[in-house]
Amino acid sequence: ASEYQLTGPKFSQPVRREQWLVNSLQWSFDSATVTDISLSSWGDIAVFRSLQHFYNSKVGNNEPSATGAWVTDLWIKRDERWQLATRLSERLFKK
């Protein structure tokens, strides 16, 4: 969705769609798992929650400090299409 934003307790401010698209080009990883999935929906609104882990990930040439995240996505059905409006990421940091 055009109003998409990424936010979470460790973010100093939300990351808007345009910046997220630029940032996403810096990420690479070998594999990922998505577990602990839950989905709730109410008409044209849905909430998807999952635990996501990325393996051998890099951001640019650096290894990120987070190993995964609890992710909560808010989806809105608009113009007969489901669009991701907001993602809340509770990052899991290396110990």
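First things first, this report covers the structure right here in the doc. (Residues numbered from 1 in each chain as written. Predicted model: local features only at pLDDT ≥ 70, side-chain atom pairs only at ≥ 80, totals over all residues. Heavy atoms only, no water.)

1. A word on the nonpolar core
Generally speaking, nonpolar side chains in soluble globular proteins are found buried as a group. Membership of the largest hydrophobic core is limited to five residues, which are Tyr 4, Leu 6, Phe 11, Val 15 and Leu 84. For Val 15, the residues in contact, after removing those within four places along its chain, are Tyr 4, Gln 5, Leu 6, Trp 20 and Asn 23. (Core = buried A, V, L, I, M, F, W, Y, C linked by side-chain atoms within 4.5 Å. Buried < 20%, exposed > 50% of the residue type's maximum accessible area, 1.4 Å probe, protein only. Contact = heavy atoms within 4.5 Å.)

2. Regarding the pairing of strand β4 (residues 31-42)
Judged from the 10 bridges that link them, β4 and strand β5 (residues 45-55) form a sheet pairing that is antiparallel. If you follow Val 34 over to β5, its bridge partner there is Gln 52. Counted between consecutive antiparallel strands, the loop separating β4 from β5 contains two residues, among which Gly 43 sits at a positive phi close to 60°. (Pairing = 2+ DSSP bridges. Helix = DSSP H or I, 4+ residues; strand = E, 2+ residues; numbered from the N terminus.)

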